[in-house]
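# Structure assessment
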Amino acid sequence: MSAYPVAATARIDLHAHSTASDGTLTPAELVRAAADTGLDVLAITDHDTTAGWEPAVRALPPGLTLVRGAELSCRWYGVEPSVPLHLLAYLFDPAEPELAAELTRVRAAREVRAERTVELLRADGVDVSWPEVLAGAAGGTVGRPHIAQALIRAGLVATTTEAFGPAWLGERYRLPKEDIDVFRAVRLVRAAGGVPVFAHPRATRRGRIVPDRLIVELAGAGLAGLEADHEDHSPAERAHVRALAAELGLLVTGSSDFHGTHKTVRLGAFTTDVEAYERIVAAATGVTPVAST
Ligand code: AMP
Ligand code: FE
Ligand code: FE
Ligand code: ZN
């Protein structure tokens, strides 16, 4: 029995972004929107930061349970060129020094990368500016969606999707990030009492993906689960992820990866089973879920 029980019919969304990274709702607006849409459990999973945790907890509406998490920018160095990937980390201790230092390092590297991207655009005569992009991120983790917004404001593209096309941030003006080695990330999340889940592992429409043999190795290294139900997975990809998880004894999640108006997906568009949620809570020793009383 979990110390944080939820109803068998609970609606659980374990992946959402706020203005602490590249979402467009503040952490307070995000938890209110989650409650308004009828969710029982929401995880806040901003890129490489826990800055949204406190404001989300303070604004937590009655009836909503908050899972504190993050989405870590990782990389698999087992092939050349290396492959970037995202690791969701739930309920870890944010004060664990080694993990906290990695997050600080990645956020700083993201700023350098975004500024360089803006310089490349400007060298080609594109009218965007670094102060404008930085202001758009409003103190949150800087990402390509913030540059995409500057391209939209400058009238160069109409949508975020277009900004992520090959002519812009998807390829021509895409610079690599200085991500965390994925094996190190899994180890650090576990050492901080957290539960690591591989985000959208088969999202071929986003770019290159890793082979199943890496997921097998990560399972051996402490990976707890795989995100199967996600808008970037086709039905066949979702089924493949479920089968792989069953084979490896990993838990399976589904989630919206909500980003406010930076994406079209709605909160709760995909959800996680109560059983998988309870496995995450049971495995965590960093921080607990929070429910408002
Ligand atoms: P970054 O972390 O700076 O490399 O930017 C990646 C982020 O951009 C992801 O977390 C998504 O929020 C967003 N993103 C990636 N691909 C797309 C896309 N095709 N359309 C809209 N947003 C995207
Ligand atoms: Fe994002
Ligand atoms: Fe992601
Ligand atoms: Zn995400």
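Residues numbered from 1 in each chain as written. Chains lettered and ligands numbered in written order. Predicted model: local features only at pLDDT ≥ 70, side-chain atom pairs only at ≥ 80, totals over all residues. Heavy atoms only, no water.

### Points about the overall build of the protein chain
Along the backbone of the protein chain there are 10 helices and nine strands. In summary, the protein chain has a C-alpha radius of gyration of 18 Å against a globular reference of 19 Å for 293 residues, a match within 12%. Every one of the 293 residues in the protein chain was classed for burial, and the buried ones make up 54%. Within the protein chain, residue pairs in contact and separated by at least 24 positions form 71% of the contacts whose partners lie at least 6 positions apart. (Helix = DSSP H or I, 4+ residues; strand = E, 2+ residues; numbered from the N terminus. Rg over C-alpha atoms; globule rule 2.2 N^0.38 Å. Buried < 20%, exposed > 50% of the residue type's maximum accessible area, 1.4 Å probe, protein only. Contact = heavy atoms within 4.5 Å.)

### What to know about the coordination of the iron ion (ligand 2)
Every protein donor of the iron ion (ligand 2) is listed here as Asp22 (OD), Asp22 (OD), His47 (NE2) and His259 (NE2), and their distances to the metal cover 2.1 to 2.8 Å. Around the iron ion (ligand 2), the six donor atoms are arranged such that angles at the metal cover 50 to 158 degrees; this shape is classified as irregular. Each donor residue of the iron ion (ligand 2) lies on one chain, and together they are spaced D-x24-H-x211-H. Separating the iron ion (ligand 2) from the iron ion (ligand 3) is a gap of 5.7 Å. Placement of aspartate 22 in the loop between β1 (12-13) and α1 (27-36) and of histidine 259 in the loop between β8 (251-254) and α10 (274-283) is noted, with a sequence separation of 237 residues between them. Looking at aspartate 22, the relative accessible area reads 6%, which means it is buried. In this structure histidine 259 comes out as buried when scored by relative accessible area, which is 4%. (Donors = N, O, S within 2.8 Å, 3.2 Å for Na, K, Ca; no water. Tetrahedral: all angles 85-135°; square planar, octahedral: opposite > 155°, others 65-115°.)

### Quick word on the coordination of the iron ion (ligand 3)
A metal bound by six donors in octahedral fashion has ideal angles of 90 or 180 degrees, whereas one bound by four tetrahedral donors has an ideal angle of 109.5 degrees. Protein coordination of the iron ion (ligand 3) is provided by Glu71 (OE), His86 (ND1) and His200 (NE2), with donor distances spanning 2.0 to 2.2 Å. Between consecutive donor residues of the iron ion (ligand 3), the sequence gaps follow E-x14-H-x113-H.

### Structural notes on the pairing of strand β4 (residues 83-90)
Extensive coverage of β4 is indicated by the burial of seven of its eight residues. Across eight bridges, strand β3 (residues 65-76) lies against β4 in antiparallel orientation. Bridge assignment links serine 73 to a residue of β4, and that residue is histidine 86. Linking β3 to β4, which pair antiparallel, is a turn of six residues. (Pairing = 2+ DSSP bridges.)

### Re the site of ligand 1
Around ligand 1, the structure places Asp22, His47, Arg110, Arg113, Gly143, Arg144, Pro145, Thr160, Phe164, Lys177, His259 and Lys263. Within the side chain of aspartate 22, one N or O atom sits 3.2 Å away from an oxygen atom of ligand 1. Histidine 47 is positioned with one of its side-chain polar atoms (N or O) 2.9 Å from an oxygen atom of ligand 1. With the chains in place, 84% of the 490 Å² that ligand 1 exposes on its own is no longer accessible. (Near = heavy atom within 4 Å. Polar contact = N/O pair within 3.5 Å; in protein donor to acceptor, adjacent residues only side chain to side chain. Areas by Shrake-Rupley, 256 points an atom, 1.4 Å probe, with all protein chains shown as cover.)

### Quick look at the side chain of glutamate 102
Its place among the elements puts glutamate 102 in helix α3 (residues 97-123). Leave out the neighbours within four places in its chain, and glutamate 102 touches Ile180, Arg184 and Leu188.

### Let's talk about the layout of surface pockets
Roughly 1,100 Å³ of volume is contained in the largest pocket. Along its surface, the largest pocket is lined by 38 residues, and Arg144, Phe164, Arg206, Asp232 and Lys263 are the ones closest to its centre. For the lining of the largest pocket, the elements supplying multiple residues, two or more each, are β4, α3, α5 (144-153) and α6 (160-163). The dominant element in the lining of the largest pocket, judged by the number of residues it contributes, is β4, at four residues. A breakdown of the residues in the lining of the largest pocket according to their chemical character gives 12 nonpolar, 12 polar and 14 charged. (1 Å grid on protein atoms, 1.4 Å probe; cavity = no way out; pocket = protein on both sides within 12 Å on 5 of 7 lines; lining within 4 Å. Points joined across faces, edges and corners; volume = space filled by probe spheres on them. Nonpolar A, V, L, I, M, F, W, Y, C, P; charged D, E, K, R; others polar.)

### Describing the pattern of salt bridges
This structure, assessed with the given rule, holds 14 salt bridges. Ionic pairing is found between arginine 105 and glutamate 102, a salt bridge with its closest N-O pair at 2.9 Å. Of this pair, arginine 105 and glutamate 102 both sit in helix α3, three residues apart, which is roughly one turn of that helix. Assessed through its relative accessible area of 31%, arginine 105 is described here as partly exposed. Here arginine 206 and aspartate 232 are joined by a salt bridge, their closest N and O atoms 2.5 Å apart. On the criterion of sequence distance, the pair formed by arginine 206 in the loop between β6 (195-198) and α8 (212-221) and aspartate 232 in the loop between β7 (225-229) and α9 (235-248) is long-range, its members being 26 residues apart. (Salt bridge = Lys/Arg side-chain N within 4 Å of Asp/Glu carboxyl O.)

### Concerning the environment of histidine 146
Here histidine 146 is to be found in helix α5. We classify histidine 146 as buried; its relative accessible area is 5%. Separated by 42 residues in the primary sequence, histidine 146 and threonine 104 place their C-alpha atoms 19 Å from one another. Discounting residues that sit within four places of it in the chain, histidine 146 has contacts with Ser21, Asp22, Val133, Gly136, Ala137, Thr141 and His262. Engagement of the side chain of histidine 146 in a polar contact is seen with the backbone oxygen of serine 21, the distance being 3.4 Å.

### Things to note about the nonpolar core
Grouped together as the largest cluster of nonpolar side chains are 71 residues, with contacts concentrated most on Leu14, Leu42, Leu72, Tyr90 and Leu226. Once residues lying within four places of it in the same chain are set aside, the contact partners of tyrosine 90 are Leu14, Ala43, Thr45, Val67, Arg68, Gly69, Gly194, Val195, Val197 and Ile280. Membership of the second largest hydrophobic core comes to 18 residues, among which are Val118, Val128, Ala137 and Tyr173. (Core = buried A, V, L, I, M, F, W, Y, C linked by side-chain atoms within 4.5 Å.)

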